[in-house]
Number of protein chains: 2
Amino acid sequence: MARRNDHTPDELRAMALAAAREIAAAEGLRGLAVRRVAEKIGYAPGTLYNLFDSLDALILALNGETLARLGMELVRAAEGNPAGRAAALVDAYFDFVERQPLLWSVIFEHRMPGEGDLPAWYSEGLSGLIDGTVAALAPVLGDWPEEDRRPAVVAMWAALHGLSMLAVSGKLALVSDAPPRSLGHLVVNRVIGGG
Amino acid sequence: MARRNDHTPDELRAMALAAAREIAAAEGLRGLAVRRVAEKIGYAPGTLYNLFDSLDALILALNGETLARLGMELVRAAEGNPAGRAAALVDAYFDFVERQPLLWSVIFEHRMPGEGDLPAWYSEGLSGLIDGTVAALAPVLGDWPEEDRRPAVVAMWAALHGLSMLAVSGKLALVSDAPPRSLGHLVVNRVIGGG
DNA sequence: AGCCGATATTGAACGGCGTTCAAAACAGTG
DNA sequence: CACTGTTTTGAACGCCGTTCAATATCGGCT
């Protein structure tokens, strides 16, 4: 058995990530197993270790894709008129989360083992998301001093993450009947303005 | 082998939770295994299933304890003068998280399997935490309308959870050099005032 | 065409996991 | 002392991530 050459390594990686995304969207992190992904793309488990260092690396790549997709939708949402941009971002964020809550939850539930630092590309992806938001919200932020903007945007993102995480895990509904989205608008309104 | 009667079931439960807490504090959710807990308390794995329905139930109980401990510290922190209460709560929160970050991260990383709803005692514990905060912050909230208070407090908690989660998983440091605590003060300041 | 070195792919194997359950060991009662 | 009822055990099951020697296929060479 070898060298089927049906697909290039890049194709295989894409196939594996697509399969992993399907499983994650349907069953969350618990169902995401090497053997399941391998079976879904028609290869043996060992093959995945030619494409990724470990299951953790695969999941990290999946989360990177998920964040990139969110980024795309946010960019599109920020194209409207500047006044309503913060609110549009919040709505796009919750639209995205509500569309595939289990896939989204993988971002929070997964942790690299040990002291494992996150790779550079992941860090850059996150920074890009923040920078994009700072730029998109520049009209809303108006006369804010330069050094106050990034912390506020970071805090805003963390708050939205907290809300979506609690919402997705069912814990938010235990303490609030208000929909997560409206709490998101509330927070962004207070932290940034115009949310 | 049986009926050693060394300990009552309640004692055993407490021992198991203590062992689980030690493991979680040292290694996070990944190291938290039935066999490890059992070995740590000097019993066979099967015995734990007389005390808890499943490992998930054990972890849920552990998280319940962790939240209760946080609650105790928050109550103590809110005893000071009303003006600085919001800030004191934020500091107590981050003190708690920073003392045992891996134990804290278990709260976010663990999810009940399937559609599994959370038990009533968990829900009540969470509600109690929120209600306590609403009451403690009553002086700060001043003339807020009654129906606006709870949503704001819930949003504040979610924001703090988001910050601590990103901080504990190492993702916050990737996009911000400001310490998590200061972002916490920022958010609470904006959402509640006086943070 | 036939061969060969290189390599992508396999699948069995290992240790560990959560969970179950029949058997066993004990405490308490009469 | 025997019997009952319960606690505790540990082997067993099916799953997991991961490794690696064996193997089947490819591209290039003669």
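Small disclaimer: the values here were computed from a predicted structure and weren't measured.

**Here we look at the relation of the copies chain A and chain B**
If you rotate chain A by 180° and push it 0.0 Å along the axis, it lands on chain B with an RMSD of 0.0 Å. Here the two chains are linked by the operation of a two-fold rotation axis. Most of the interface of chain A is mirrored in chain B: 100% of its interface residues are interface residues there too.

**Some words on the domain arrangement of chain A**
All names here are of chain A. Under the domain assignment, chain A is made up of domain 1 (1-52) and domain 2 (62-191). One C-alpha centre belongs to domain 1, the other to domain 2, and the line joining them spans 28 Å. With 10 residues of domain 1 in contact, the opposing surface of domain 2 contributes nine residues. Of the roughly 870 Å² buried between domain 1 and domain 2 on both sides combined, carbon and sulfur atoms contribute 71%. Among the residues of domain 1 in contact with domain 2, Leu17, Arg21 and Leu29 are the three that bury the most area, contributing 62% of the side total. Connecting domain 1 to domain 2 are one salt bridge. A salt bridge links Arg21 to Glu65; the nearest nitrogen and oxygen atoms lie 2.3 Å apart. At the boundary of domain 1 with domain 2, the tally comes to one residue pair in polar contact (both at pLDDT 80 or more). Within the side of domain 1 that touches domain 2, the residues separate by chemical class into seven nonpolar, one polar and two charged.

**Some remarks on the interface of chain A and chain B**
Every contact between the two is made by 43 residues of chain A and, on the other side, 43 residues of chain B. Surface buried jointly by chain A and chain B totals about 3600 Å² across both partners, of which 67% is contributed by carbon and sulfur atoms. Summed over the three residues of chain A that lose the most area to chain B, namely A:Arg30, A:Arg111 and A:Val175, the buried surface amounts to 19% of that side. Linking chain A to chain B there are four salt bridges. In this structure, the salt-bridge partner of A:Glu109 is B:Arg111, at a minimum N-O distance of 3.0 Å. Summed over the shared surface of chain A and chain B, the number is 12 residue pairs in polar contact (both at pLDDT 80 or more). At the level of elements, α6 (101-109), α7 (120-136), α9 (146-168), α10 (172-175) and α11 (180-191) of chain A are the ones that each hand at least two residues to the side of chain A that touches chain B.

**Description of the confidence of the model for chain A**
Put simply, chain A has an average pLDDT of 95, and 98% of its residues get 70 or more. Across chain A, the element-wise mean pLDDT spans from 93 in helix α8 (residues 138-141) of chain A up to 98 in helix α2 (residues 34-41) of chain A.

**Concerning the nonpolar core**
Generally speaking, nonpolar side chains in soluble globular proteins are found buried as a group. Formed by 94 residues in total, the largest nonpolar core has its most connected members in A:Trp104, A:Trp157, A:Ile192, B:Trp104, B:Trp157 and B:Ile192. The contacts of B:Trp104, once residues within four sequence positions are left out, are B:Thr66, B:Leu67, B:Leu70, B:Tyr93, B:Phe96, B:Val97, B:His161, B:Ser164 and B:Val168.

**Focus: the environment of A:Leu58**
Residues and elements named next belong to chain A. With respect to the helices and strands, the residue Leu58 is situated in helix α4 (residues 55-77). Sequence-wise, Leu58 and Val153 are 95 residues apart; in three dimensions their C-alpha atoms are separated by 29 Å. What Leu58 contacts, discounting residues up to four positions off in sequence, is Leu17, Ala20 and Phe52.

**Structural notes on the packing of aromatic side chains**
For the structure shown, the criterion picks out 12 aromatic pairs over all chains. With 5.7 Å between their ring centres and 90° between their planes, A:Tyr93 and A:Trp104 make a pair best called edge-to-face. With a gap of 11 residues between them, A:Tyr93 in helix α5 (residues 85-99) and A:Trp104 in helix α6 connect regions that are remote in the sequence. There is no split in this pair, since A:Tyr93 and A:Trp104 are both buried. Arranged with centres 5.6 Å apart and planes meeting at 50°, the rings of B:Tyr93 and B:Trp157 form a pair that is tilted. Of the two residues, B:Tyr93 sits in helix α5 (residues 85-99) while B:Trp157 sits in helix α9 (residues 146-168), which places them 64 residues apart along the sequence. Taking the relative accessible area as the measure of exposure, B:Tyr93 reaches 0% and is therefore buried.

**Let's talk about the packing of helix α4 (residues 55-77) of chain B against helix α6 (residues 101-109) of chain B**
All names here are of chain B. Two numbers describe how α4 lies on α6: the axes approach to 10 Å, and their chain directions differ by 120°. By the angle between their directions, the pair α4 and α6 is classed as oblique. For the pair α4 and α6, the crossing hand works out as left-handed. On the side of α4, the interface is formed by Ile59, Leu62, Asn63, Thr66, Leu67 and Leu70, while α6 contributes Leu103, Trp104, Val106 and Ile107. When its residues are assigned to classes, the contact of α4 with α6 shows eight nonpolar, two polar and no charged.

**Digging into the pattern of salt bridges**
Scanning the model with the defined rule gives 22 salt bridges over all chains in all. When the shortest N-O distance is used, the salt bridge between A:Asp95 and A:Arg181 registers 2.8 Å. With A:Asp95 in helix α5 and A:Arg181 in helix α11, this residue pair connects regions lying 86 residues apart in the sequence. Note that B:Glu98 and B:Arg181 form a salt bridge whose closest N and O atoms lie 3.2 Å from each other. Residue B:Glu98 is found in helix α5, and its partner B:Arg181 is found in helix α11 (residues 180-191); the two are separated by 83 residues along the sequence.

**What about α6(B)?**
The α-helix winds at 3.6 residues per turn, so residues separated by three or four positions along the chain end up facing the same way. In terms of residue burial, α6(B) counts as a mostly covered element, since seven of its nine residues are buried. Among all positions in α6(B), only B:Leu103, B:Trp104, B:Ser105, B:Val106, B:Ile107, B:Phe108 and B:Glu109 are buried. Of the surrounding elements, those touching the buried residues of α6(B) are α6 and α9 of chain A together with α1 (9-27), α4, α5 and α9 of chain B.

So, how was this worked out
- Residues numbered from 1 in each chain as written.
- Chains lettered and ligands numbered in written order.
- Predicted model: local features only at pLDDT ≥ 70, side-chain atom pairs only at ≥ 80, totals over all residues.
- Heavy atoms only, no water.
- Least-squares fit on C-alpha atoms with pLDDT ≥ 70 in both.
- Contact = heavy atoms within 4.5 Å.
- Domains from an automatic or database assignment.
- Buried area = accessible area lost by both parts, 1.4 Å probe.
- Salt bridge = Lys/Arg side-chain N within 4 Å of Asp/Glu carboxyl O.
- Polar contact = N/O pair within 3.5 Å; in protein donor to acceptor, adjacent residues only side chain to side chain.
- Nonpolar A, V, L, I, M, F, W, Y, C, P; charged D, E, K, R; others polar.
- Helix = DSSP H or I, 4+ residues; strand = E, 2+ residues; numbered from the N terminus.
- pLDDT = per-residue confidence, 0-100.
- Core = buried A, V, L, I, M, F, W, Y, C linked by side-chain atoms within 4.5 Å.
- Buried < 20%, exposed > 50% of the residue type's maximum accessible area, 1.4 Å probe, protein only.
- Phe/Tyr/Trp six-rings, centres within 6.5 Å; stacked < 30°, edge-to-face > 60°.
- Axes fitted to C-alpha atoms, helices over the stretch in contact; angles between N-to-C directions.
- Parallel < 35°, antiparallel > 145°, perpendicular 65-115°, else oblique.
- Left-handed = near helix turned anticlockwise from the far one by under 90°.

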